[in-house]
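Breakdown of the fold
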Amino acid sequence: MQQVLYFLIFMSVSVLIYWLLPWRKRSIFLVGASLVFMCFLSPKYAVYLFFNSLLIYIAGSYVSRDEKNRKLFLQLSLFWLIGNLCIFKYINFMLDALSRLGISLPFMNETTFSKIIMPLGMSYVIFRLIHYIVEIYRKTLPEHTFWDLALYTFFFPTFLAGPVDRFQKVQPQTAGCKSFDSSDFNYGLFRMISGMIKKFVVADSIKKYIMPLLLSPQDVSPLLVTLSVYGLAIQIYMDFSGYTDMALGVSRLFGYKIVENFNNPYLKKNIALFWRNWHMSVYSFIRDYFFFPFFGYRASQAKIYIGIFSTMVIFMLWHEGSLPFLLLGVYHGSGLLIWQFFQEIKKKHAKIRKLVDNPYAVPFSTFITFTFVSFGYILFAFDMSTVKAIVYQII
């Protein structure tokens with residue numbers, strides 16, 4: 001809680017200074033405040049990420065001006081960004097996988113690679129920069145400066161865990177002359193406080209109760225274990241959406257309206273709708289910059305199935321390069337394939353379509369979807385021996 005107190009003090013001072021400054025100087029101040037925030041986390045990584053954004057901005061200027069070599073600059077930028085993400089996020093996962101297979105690489109110093117630590121917020125920074133350079137190539141971005149990009153990339157309320165907004169939506173808010181709006185400010189406070197309650201009161205309270213039960217499922221009744229799995233799903237949602245509420249609330253204190261990340265995902269009637277409403281900013285990013293360019297809905301059915309499955313695996317590995325998240329990607333990828341296959345069956349059989357599309361079936365399908373999602377969480381929340389114990393106790 002001490003870190004939360006420091007953040008609240010830092011945020012309060014930043015908000016006060018921000019609104020006292022002339023509007024033309026506010027964005028520069030906010031970039032500076034965000035860089036100070038990053039330096040509190042890690043000065044060396046703050047410098048490194050700032051260098052990345054400057055590099056991509058320079059590359060973007062060549063992409064926009066040099067018609068002959070613009071595609072080459074795009075490819076080099078993407079190679080650099082994705083390479084950064086892979087090295088920092090997946091090198092230890094890949095070395096561990098090779099080690100499990102009995103493959104040793106003597107030219108790789110294990111001690112050196114064990115010291116590679118993923119910079120906090122880097123996944124979101126890389127995604128924002130990928131979006132930026134691709135949209136520069138597509139010529140969809142408004143006129144802007146490097147400080148617009150820096151603020152979009154490092155804006156401290158959304159730096160650590162998103163959401164990942166689009167540059168076209170954020171930059172006009174930076175360029176515009178905003179006046180203080182008390183209703184906006186009050187809404188920001190409300191959203192921030194509600195997020196803190198969700199994360200630090202509701203989520204933490206649920207976690208304290210359910211974790212001892214799920215860690216020793218053999219000592220608990222099957223009903224209580226099942227209810228604890230559902231409780232885990234609620235705890236994860238409260239924790240994650242609570243952070244998002246805080247990020248959106250703090251952003252609103254500075255007059256910025258950031259994209260929503262959740263839209264009642266547990267109330268959706270199928271797994272496809274769930275994923276369109278859970279972590280929406282990142283899911284839509286991977287859909288727009290991976291699925292559509294490489295697969296798309298005009299492809300063959302087999303290619304679409306491969307695209308759906310691989311998109312979900314990549315989405316999960318983006319969260320963390322580890323075996324549990326790989327398994328979670330396979331789990332949800334398989335669920336989406338089953339749902340997609342069922343849609344094909346529905347098209348061919350009117351009776352099934354009538355039965356499934358009946359409004360009275362919605363509560364049942366919503367519960368099935370929630371159950372499927374809930375049991376997926378145990379794959380990354382616990383080790384495999386505990387996962388097996390939980391499943392065995394329930395069945």
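Residues numbered from 1 in each chain as written. Predicted model: local features only at pLDDT ≥ 70, side-chain atom pairs only at ≥ 80, totals over all residues. Heavy atoms only, no water.

Considerations on the pattern of salt bridges
Any two side chains of opposite charge can pair if their charged atoms end up close together. In plain terms, the rule: Just to be clear on terms, a salt bridge is a Lys or Arg side-chain nitrogen sitting within 4 Å of an Asp or Glu carboxyl oxygen.
Counting across every chain of the model gives ten salt bridges. Salt bridges linked by common partners bring Arg 191, Lys 198, Asp 245 and Glu 260 together as one network.

Here's the deal with the packing of aromatic side chains
Applicable threshold: Put simply, two rings from Phe, Tyr or Trp (the six-membered ring, in Trp's case) pair if the centres are within 6.5 Å, and we call them stacked under 30 degrees between planes, edge-to-face over 60, tilted for the rest. Each helix corresponds to a stretch of at least 4 residues labelled H or I by DSSP, and each strand to a stretch of at least 2 residues labelled E; elements are numbered beginning at the N terminus. When accessible area is computed with a 1.4 Å probe and restricted to protein chains, residues below 20% of their type maximum are described as buried, those above 50% as exposed, and intermediate ones as partly exposed.
Considering all chains together, one arrives at 52 aromatic pairs under this definition. Here the aromatic rings of Tyr 57 and Phe 146 are separated by 5.5 Å at their centres, their planes lie at 65°, and the arrangement is edge-to-face. Here Tyr 57, found in helix H3 (residues 43-65), pairs with Phe 146, found in helix H7 (residues 146-154); they are 89 residues apart in sequence, far enough to count as distant. Judged by relative accessible area, which is 11%, Phe 146 ranks as buried. Between Phe 127 and Trp 318, the aromatic rings sit 5.2 Å apart at their centres with planes inclined by 25°, giving stacked as the arrangement.

A word on the packing of helix H11 (residues 222-253) against helix H17 (residues 362-381)
When two helices pack together, their arrangement is given by the angle between the helix axes and by the axis-to-axis distance. Quick reminder of the rule: Every angle, taken between N-to-C directions, lies between 0 and 180 degrees, and every axis is a line fitted to C-alpha atoms, over only the stretch in contact when it is a helix. Throughout this description, any angle smaller than 35 degrees is read as roughly parallel, any larger than 145 degrees as roughly antiparallel, any in the 65 to 115 degree range as roughly perpendicular, and the remainder as oblique. It only takes one pair of heavy atoms within 4.5 Å for two residues to be counted as in contact. The classification used treats Ala, Val, Leu, Ile, Met, Phe, Trp, Tyr, Cys and Pro as nonpolar, Asp, Glu, Lys and Arg as charged, and all other residues, Gly among them, as polar.
Two elements in contact, H11 and H17, have axes separated by 8 Å at closest approach and are oriented at 80°. Of the possible angle classes, the one that applies to H11 and H17 is roughly perpendicular. In contact with Val 229, Tyr 230, Leu 232, Ala 233, Ile 234 and Ile 236 of H11, H17 contributes Phe 367, Phe 370, Thr 371, Ser 374, Phe 375, Tyr 377, Ile 378, Phe 380 and Ala 381. Looking at the contact of H11 with H17, its residues break down into 13 nonpolar, two polar and no charged.

What about helix H9 (residues 167-175)?
This is how it is decided: Read the arc as the range of directions from the helix axis to the C-beta atoms.
The complete set of buried residues in H9 reads Phe 167, Val 170, Gln 171, Gln 173 and Thr 174. What you see down the axis of H9 is that its buried residues fit within an arc of 160°, all on one side. In the core, the buried residues of H9 are packed alongside helix H2 (23-41), helix H6 (122-138) and H7.

Focus on the layout of surface pockets
Here is the rule we go by: A cavity, in this analysis, means grid points on a 1 Å lattice covering only the protein atoms where a 1.4 Å probe fits yet has no way out; a pocket is instead an open set bounded by protein on both sides within 12 Å along at least five of seven lines, and a residue lines either one if it has an atom within 4 Å of a point. Grid points are joined across faces, edges and corners, and a volume is the space filled by probe spheres set on the points.
Here the largest pocket is characterised by a volume of approximately 1500 Å³. Taken together, 49 residues form the lining of the largest pocket, with Leu 160, Ala 161, Lys 199, Asp 239 and Tyr 243 sitting closest to its centre. Grouping the constituent residues of the lining of the largest pocket by class yields 37 nonpolar, seven polar and five charged. If you trace the second largest pocket, you find 21 residues lining it, with Ile 82, Ile 130, Tyr 289, Phe 290 and Phe 294 closest to the centre. Among the elements of the structure, helix H4 (70-100), H6, helix H13 (280-294) and helix H14 (301-319) are those that each provide at least two residues to the lining of the second largest pocket. Counting residues per element, the lining of the second largest pocket draws most heavily on H4, at seven residues. Counted by class, the lining of the second largest pocket contains 19 nonpolar, one polar and one charged residues.

Some thoughts on the nonpolar core
Condition: Here the nonpolar core consists of buried residues drawn from Ala, Val, Leu, Ile, Met, Phe, Trp, Tyr and Cys, with membership extended through side-chain atoms lying within 4.5 Å.
Core analysis: the biggest nonpolar cluster contains 105 residues, and Leu 232, Phe 254, Tyr 256, Tyr 266, Trp 275, Trp 278 and Tyr 377 have the highest contact counts within it. Other than its neighbours up to four places away in sequence, Tyr 256 contacts Tyr 18, Leu 30, Leu 151, Phe 155, Val 170, Gln 173, Thr 174, Lys 178 and Ser 251.

Notes on the side chain of Asn 261
Operational definition: Polar contact is the term for a pair of N or O atoms within 3.5 Å; when the atoms are in protein, one must be able to donate a hydrogen and the other to accept it, and sequence-neighboring residues count only if both atoms are side-chain atoms.
Inspection of the secondary structure assignment puts Asn 261 in the loop between H11 and helix H12 (271-276). Here the side chain of Asn 261 touches Ser 281 through a polar contact of 2.8 Å, side chain to side chain.

Overview of the side chain of Asp 245
Relative to the assigned elements, Asp 245 resides in helix H11. Take Asp 245: its relative accessible area is 8%, and that puts it in the buried class. At 3.0 Å, the side chain of Asp 245 and the side chain of Arg 191 are in polar contact. Separated by 2.8 Å, the side chains of Asp 245 and Lys 198 make a polar contact. Not counting residues within four places of it along the chain, the set of residues in contact with Asp 245 comprises Arg 191, Met 192, Ser 194, Gly 195 and Lys 198.

Concerning a nonpolar patch on the surface
Short version of the rule: Patch definition: residues with relative accessible area over 30% and no salt bridge; like charges joined within 9 Å; nonpolar side chains (Val, Leu, Ile, Met, Phe, Trp, Tyr) joined within 5 Å. Accessibility throughout is a Shrake-Rupley quantity obtained with a 1.4 Å probe, and a residue counts as covered only by protein chains that appear here.
Side chains of Leu 5, Tyr 6, Ile 9, Val 13 and Ile 17 sit close together on the surface and give an oily, nonpolar patch of about 470 Å² of accessible area. Mapped onto the elements of the fold, Ile 17 is located in helix H1 (residues 2-20).

Overview of H1
What sets the pattern is the α-helix's 3.6 residues per turn: residues three or four places apart point alike. The test is simple: Expected span, for any helix, means 1.5 Å times one less than how many residues it has.
The end-to-end C-alpha distance of H1 is 28 Å, a good match for the 27 Å that 19 residues give at a rise of 1.5 Å each. Val 4, Phe 10, Met 11, Ser 14, Val 15, Tyr 18 and Trp 19 are the residues of H1 that are buried. Buried residues of H1, seen end-on, are gathered within an arc of 145° and therefore sit on one face of the element. Exposed residues pointing more than 90 degrees away from the buried face of H1 are listed as Gln 2, Tyr 6, Leu 16 and Leu 20. Here the buried face of H1 lies against H2, helix H8 (156-159), helix H10 (182-215) and H11.

Examining the confidence of the model for the protein chain
Here is the rule we go by: What pLDDT expresses is the predictor's confidence in each residue, scored from 0 to 100.
Of all residues in the protein chain, 92% have pLDDT values of 70 or greater, and the mean over the chain is 88. When the elements of the protein chain are averaged for pLDDT, helix H5 (residues 110-114) gives the smallest value, 47, and H11 the largest, 95.

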